[in-house]
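Tertiary structure, described
Here are the chains, one letter per residue:
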Amino acid sequence: MARPRSPGRDKARQLWLESGKSRLLKSIAEELQVSEEQVRKWKNQDKWDLVTLPNGNGNVTKQKGAQPGNKNASGHGAPKKNNNAEKHGLFRKYLPKETFSIIAEMPADPLEIVWHEIQIQYAAIIRSQQIMYVKDRDDKTIEKVEEKSGNVYGESWEVQQAWDKQASFLKAQSTAITALKNMIKDYLELEGAPKADAKEQAKDWKTAIIEISKRRKEKADGRPDECP
């Protein structure tokens, strides 16, 4: 039997749309007293980004402001030197919309940021197996890199022998794994492990990732807000 739909799920979507799709997920999570990760999960599952707002200014509902000349709000605005509006102002001004959207939705928890980095790096290592695959010792790559015309005709070709490609792959793989180990070490330190212990655990990076995943799952399963 399916679990009942959480009332906070629709409320979170409503709050985000009413802000013109600009409110931070962290802020919504704090208001609803759920985890930021849960709000991001709802956002992805319900495809909030595909919702078209009813007007061009990005607002779902209009709120009435004070009448002209009304001074009730005087003295109740943001405190002096408040930088709420400036927090993402520079990003909004110069960065592409997609880039700013990524920054706005990045988790505030350092552990979550490092975990995302670990996942991306691990995925890149796995993907490289296919891209840099060398079939056998006869797997040679020949590619034209230059062609001249006019008074002088000529062509330049680049030849990569199988052993050259394999050596490049092993070097790249070693560099990528070293970077992954450093990310795992940073994560373990953020969890509270001493630097020496974190460094030692990161050496066996596969086991470290498995153990981290187990701890994260146990933590998520214990959250009351992890419902549909």
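Rules behind the numbers
Residues numbered from 1 in each chain as written. Predicted model: local features only at pLDDT ≥ 70, side-chain atom pairs only at ≥ 80, totals over all residues. Heavy atoms only, no water. Pairing = 2+ DSSP bridges. Helix = DSSP H or I, 4+ residues; strand = E, 2+ residues; numbered from the N terminus. Phe/Tyr/Trp six-rings, centres within 6.5 Å; stacked < 30°, edge-to-face > 60°. Expected span 1.5 Å × (residues − 1). Buried < 20%, exposed > 50% of the residue type's maximum accessible area, 1.4 Å probe, protein only. Contact = heavy atoms within 4.5 Å. Core = buried A, V, L, I, M, F, W, Y, C linked by side-chain atoms within 4.5 Å. Axes fitted to C-alpha atoms, helices over the stretch in contact; angles between N-to-C directions. Parallel < 35°, antiparallel > 145°, perpendicular 65-115°, else oblique. Left-handed = near helix turned anticlockwise from the far one by under 90°. Nonpolar A, V, L, I, M, F, W, Y, C, P; charged D, E, K, R; others polar.

With that settled, consider the pairing of strand S2 (residues 154-160). Note that strand S1 (residues 141-148) and S2 share 7 bridges and pair antiparallel. Looking across to S2, one finds that Lys148 is bridged to Gly154. What sits between S1 and S2 in their antiparallel hairpin is a turn of 5 residues, with Gly150 showing a positive phi close to 110°.

Attention now goes to the packing of aromatic side chains. Under the defined criterion, the tally for this structure stands at 3 aromatic pairs. Ring plane angle 35° and centroid distance 5.6 Å describe the contact between Trp16 and Trp48, whose orientation is recorded as tilted. You can see Trp16 sitting in helix H1 (residues 7-18) and its partner Trp48 sitting in the loop between helix H3 (36-45) and helix H4 (89-94), a full 32 residues away along the chain.

With that settled, consider H1. Its 12 residues place the ends of H1 17 Å apart at the C-alpha level, agreeing with the 16 Å of an ideal helix rising 1.5 Å per residue. Regarding H1, the residues found buried are Gly8, Arg9, Ala12, Leu15, Trp16 and Leu17. Positive backbone phi, at 75°, marks Gly20, one or two positions downstream of H1.

Another aspect to go through is the environment of Lys144. Relative to the assigned elements, Lys144 resides in strand S1. With relative accessibility at 35%, the residue Lys144 sits in the partly exposed group. For Lys144 and Ser156, which are 12 residues apart along the polypeptide, the C-alpha to C-alpha distance reads 6.0 Å. Ignoring sequence-local partners within four residues, the contact set of Lys144 consists of Glu155, Ser156 and Trp157.

Attention now moves to the nonpolar core. Ranked by size, the top nonpolar core spans 18 residues in total, and within it Ile118, Leu180, Ile184, Tyr187 and Ile209 carry the most contacts. Looking at this core, the elements that each hand over two or more residues are helix H6 (110-131), helix H7 (162-191), helix H8 (195-203) and helix H9 (205-221). Of all the elements, H7 adds the most residues to this core, at 7 residues. Leaving out residues up to four positions away in the same chain, Leu180 has contacts with Ile118, Gln121, Tyr122, Ile125, Trp205 and Ile209. If you look at the next biggest cluster of nonpolar residues, it comprises 13 residues, including Trp16, Ile28, Trp42 and Leu53.

Contact pair H7 / H8: the axes reach a minimum separation of 8 Å and the direction vectors enclose 140°. If you check the angle between H7 and H8, you find them oblique. Seen from above, H7 lies across H8 with right-handed handedness. On H8, the residues that touch Lys181, Ile184, Lys185, Leu188 and Glu189 of H7 are Lys195, Ala198, Lys199, Gln201, Ala202 and Lys203. Looking at the contact of H7 with H8 residue by residue, the classes come out as 4 nonpolar, 1 polar and 6 charged.

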